[in-house]
Amino acid sequence: MSTLIVFDIDGTLLDSVAPHQLAFHSALRDCGLEKIDSAWGGYAHHTDSWIFREVFRRNRGRLPDETETQWFADRLHARFVAATELEKVEQVPGAAAFLRGLEASGGYTVAFATGGMREVTAVKLAPLEASGPVSTASDHTFREHVVREAIHQAGEGFDRVVCVGDGPWDVRAAVATGSQFIGIGASTKPFGAWFPRTHLFGSFDEIDPAADFSLAPPAGQVEAAPDADKAFSERPAPCACWS
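Residues numbered from 1 in each chain as written. Predicted model: local features only at pLDDT ≥ 70, side-chain atom pairs only at ≥ 80, totals over all residues. Heavy atoms only, no water.

1. Describing empty space enclosed by the protein
With a probe scaled to a water molecule rolled over the atoms, the places where space remains empty come into view.
Here's step 1: Counted under the stated rule, the structure contains one cavity of 30 Å³ or more.
Here's step 2: Looking at the largest cavity, its volume works out to about 50 Å³.
Here's step 3: What lines the largest cavity is V6, F7, D8, A113, V147, C163, V164, G165, D170, A173 and F181.
Here's step 4: Counting residues per element, the lining of the largest cavity draws most heavily on strand β4 (residues 160–165), which supplies three residues.
Here's step 5: Here the lining of the largest cavity is built from residues that sort into eight nonpolar, one polar and two charged. (1 Å grid on protein atoms, 1.4 Å probe; cavity = no way out; pocket = protein on both sides within 12 Å on 5 of 7 lines; lining within 4 Å. Points joined across faces, edges and corners; volume = space filled by probe spheres on them. Helix = DSSP H or I, 4+ residues; strand = E, 2+ residues; numbered from the N terminus. Nonpolar A, V, L, I, M, F, W, Y, C, P; charged D, E, K, R; others polar.)

Here's what the structure looks like:
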């Protein structure tokens, strides 16, 4: 059986949520944006590009252009590098070894789908020595579209797709794409009371990637993907999520 495993990065492979959020907030300030709602989980889409556009629109009354978006991405990269220069980001226990094991096994293909922008994502993946398609918030603004892009870039012919993540947005993307799901964390709380404990792990050392991680959430327990997932367009075509 051939399996594609699509990994989130922050909080999933790396304990990088706090420094990323600090860098993100500082980069918004560098752009001269003052009206910032830092309840990041409250935005319709949990990606850097979507949140940046929303904050920019609230401050300037319009959406940013490509040059302004790239300037923000570069500031985010610089801020994250500075924030982690002295105190390095730790990996979630067993993450790098798990990735190496998948690569060596031959039955698995790995891809990455993250809400972070492209430049800062490259910095995070480098220590893991990870290889595989990488889809980021520089490709799409909708979280579900980021995951779909990673699946598209990995190719066709897989018997199953398994998403790995640490937040409710990751579960929503897995449900939207018809994927199985592995939760990373100490509690099922982020995923909902219905979430099966058998699908939750605090360390990658505990995971058998061959196990069945199918999801069967009760009706209404997983919020539908905002703005309709069917708007997705594969790169390099322009996607409606940027409109």
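Text resumes after the structure shown.
2. Quick word on the pairing of β4
Here's step 1: The element β4 is largely enclosed, with a buried count of six among its six residues.
Here's step 2: Covered by surrounding structure in β4 are R160, V162 and V164 together with V161, C163 and G165, the residues of both alternating faces.
Here's step 3: Sheet topology note: the strand β1 (residues 3–7)/β4 ladder contains five bridges and is parallel. Paired with F7 across the two strands is V164, which belongs to β4.
Here's step 4: Each parallel crossover has a hand, and the one from β4 via helix α7 (residues 168–177) to strand β5 (residues 180–184) is right-handed. (Buried < 20%, exposed > 50% of the residue type's maximum accessible area, 1.4 Å probe, protein only. Pairing = 2+ DSSP bridges. Right-handed = clockwise from strand over helix to strand, strands pointing away.)

3. Brief notes about the side chain of T141
Here's step 1: Considering the arrangement of structural elements, one finds T141 in the loop between β3 (134–135) and α6 (143–154).
Here's step 2: Classification of T141 as buried rests on a relative accessible area of 0%.
Here's step 3: Among the polar contacts listed, one links the side chain of T141 to the backbone oxygen of C241, at a separation of 2.6 Å. (Polar contact = N/O pair within 3.5 Å; in protein donor to acceptor, adjacent residues only side chain to side chain.)

4. What to know about the packing of helix α3 (residues 66–83) against helix α5 (residues 118–125)
In a pair of packed helices, the angle between the axes and the distance between the axes together describe the arrangement.
Here's step 1: The geometry of α3 relative to α5 is characterised by a closest axis approach of 7 Å and an angle of 30 degrees between their N-to-C directions. Compared by their axis directions, α3 and α5 come out roughly parallel. Contact residues: Q70, A73, D74, L76, H77, F80 and V81 in α3; E119, V120, V123 and K124 in α5.
Here's step 2: Classifying every residue of the contact of α3 with α5 by side-chain character gives six nonpolar, two polar and three charged. (Axes fitted to C-alpha atoms, helices over the stretch in contact; angles between N-to-C directions. Parallel < 35°, antiparallel > 145°, perpendicular 65-115°, else oblique. Contact = heavy atoms within 4.5 Å.)

5. Concerning the sheet that holds strand β2 (residues 108–113)
Here's step 1: Spatially, six strands are ordered β3-β2-β1-β4-β5-β6 in an open sheet, and the strand pairing comes out parallel. At either margin of the open sheet sits one strand with a lone partner, and together these are β3 and β6 (200–201).
Here's step 2: Packed onto the sheet, helix α4 (residues 95–105) meets β1 and β2 and runs at close to 140 degrees relative to β2.

6. Quick look at the environment of V110
Here's step 1: Tracing the sequence through the fold places V110 in strand β2.
Here's step 2: Residues V110 and E206, 96 residues apart in the sequence, show an inter-C-alpha distance of 18 Å.
Here's step 3: Other than its neighbours up to four places away in sequence, V110 contacts L4, I5, F7, L99, L102, S131, G132 and P133.

7. Observations concerning the environment of I151
Here's step 1: Within the secondary structure, I151 sits in helix α6.
Here's step 2: For the pair formed by I151 and F112, sequence separation is 39 residues and the distance between their alpha carbons is 9.0 Å.
Here's step 3: Residue contacts for I151: discarding those within four places in its chain leaves L4, V6, V161, T177 and S179.

8. Quick word on the pattern of salt bridges
Here's step 1: The tally for this structure, following the rule as stated, stands at 13 salt bridges.
Here's step 2: For R143, the salt bridge is made with D8, and the minimal N-O distance between the two is 2.9 Å. Taken as a pair, R143 in helix α6 and D8 in the loop between β1 and α1 (17–30) lie far apart in primary sequence, 135 residues in all. A single burial state applies to R143 and to D8, both of which are buried.
Here's step 3: Ionic pairing is found between E223 and R172, a salt bridge with its closest N-O pair at 3.5 Å. Residue E223 is located in the segment after β6, and its partner R172 is located in helix α7; the two are separated by 51 residues in the primary sequence.
Here's step 4: Relative accessible area serves as the criterion here: at 10%, R172 is assigned to the buried category. (Salt bridge = Lys/Arg side-chain N within 4 Å of Asp/Glu carboxyl O.)

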